[in-house]
Amino acid sequence: MNKKELFRTIKFTLFSISAGLIEIVLYELLAHLTNWSYWPCYLIALVASVIWNFTLNRNYTFKSATNVPIAMTKVFIYYLIFTPLSTIGGNYLAETLNWNGTIVTLLNMIINFITEYLYDRFIVFGNSIDTKEKNDKRKHK
């Protein structure tokens, strides 16, 4: 792994940690302040963290000038698969097997972190990495 790719991975990790903090804090607030079951608390927290993470990683990690609606559609497709699996699976673990909801959410976050990095890196932004820098330099000439 070259230096630039290592730095990109570190940035993705740091932004994901910030998104994870948003997700876990929002999950905890909803779980403790409402009488809702696991899945609505998790789903609301997940959506908030996804929006945060996508925005930061598109601009600062992958520096992509790609069409935002197309990139968001690709991320939406990822979450069409991840969200039902993690929501139904997490709900089963938390509600049926009585696992701690916070632990289930943390496990989902770890799986999401690994799979989303690979998906973003190679599918969402693969061909457009660092194009934002090139476009910005052209604008200033």
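Each chain has its residues counted from 1, running along the sequence as written. Local features are withheld for residues below a pLDDT of 70 in this predicted model, meaning they are given only at 70 or higher, and side-chain atom pairs are given and counted only at 80 or more; totals for whole chains, interfaces and linings count all residues. Neither water nor hydrogens contribute to the side-chain values; these are computed over all heavy atoms in the structure.

A. A look at the packing of helix H2 (residues 38-61) against helix H3 (residues 68-96). Interhelical geometry of H2 versus H3 gives an angle of 150° and a closest axis separation of 10 Å. The angle between H2 and H3 falls in the class roughly antiparallel. The way H2 lies across H3 gives a crossing that is right-handed. Under the scheme applied here, ten amino acids are nonpolar (Ala, Val, Leu, Ile, Met, Phe, Trp, Tyr, Cys and Pro), four are charged (Asp, Glu, Lys and Arg), and all others, including Gly, are polar. By residue class, the composition of the contact of H2 with H3 is 14 nonpolar, five polar and two charged. Between N-to-C directions, angles span 0 to 180 degrees; the directions come from axes that are lines fitted to C-alpha atoms, helices contributing only their stretch in contact. Put simply, DSSP H or I for four residues or longer makes a helix, DSSP E for two residues or longer makes a strand, and each gets a number counted from the N terminus. In what follows, roughly perpendicular refers to angles from 65 to 115 degrees, roughly parallel to angles under 35, roughly antiparallel to angles over 145, and oblique to any angle outside these ranges. Should the near helix be turned anticlockwise from the far one by less than a right angle, the crossing is termed left-handed; should it be turned clockwise, right-handed.

B. Molecular detail of the nonpolar core. Tyr79 and Phe125 are the most contacted members of the largest nonpolar core, which has 23 residues in total. Those elements giving two or more residues to this core turn out to be helix H1 (3-33), H2, H3 and helix H4 (101-124). With seven residues, H2 is the largest single contributor of residues to this core. Nine residue types can take part in a nonpolar core, namely buried Ala, Val, Leu, Ile, Met, Phe, Trp, Tyr and Cys, and a core is a set of them joined through side-chain atoms within 4.5 Å. Residue exposure (1.4 Å probe, protein chains only): buried if accessible area is under 20% of the type maximum, exposed if over 50%, otherwise partly exposed.

C. Layout of the environment of Lys3. Along the chain, Lys3 turns up in helix H1. For the pair formed by Lys3 and Tyr27, sequence separation is 24 residues and the distance between their alpha carbons is 35 Å.

D. Structural context of the packing of aromatic side chains. The aromatic pairing rule takes the rings of Phe, Tyr and Trp, using the six-membered ring of Trp, and pairs them if the centres are within 6.5 Å, calling planes under 30 degrees apart stacked, those over 60 edge-to-face and the rest tilted. Counted under the stated rule, the structure contains 13 aromatic pairs. Plain terms: the ring middles of Tyr27 and Tyr38 are 5.6 Å apart, the flat faces sit at 55° to each other, and that makes the pair tilted. Taken together, the positions of Tyr27 in helix H1 and Tyr38 in helix H2 put the pair 11 residues apart, joining distant regions of the chain. Here Tyr27 falls in the buried class, since its relative accessible area comes to 7%. Here the aromatic residues Phe12, Phe54, Phe62, Phe113, Tyr117 and Phe125 are joined through ring pairs into a cluster of three or more. By definition, being over a ring means that NZ of Lys or CZ of Arg is both within 6 Å of the ring centre and within 35 degrees of the ring normal. Lying over the aromatic face of Phe122, Arg121 brings its terminal NZ or CZ to 5.0 Å of the ring centre.

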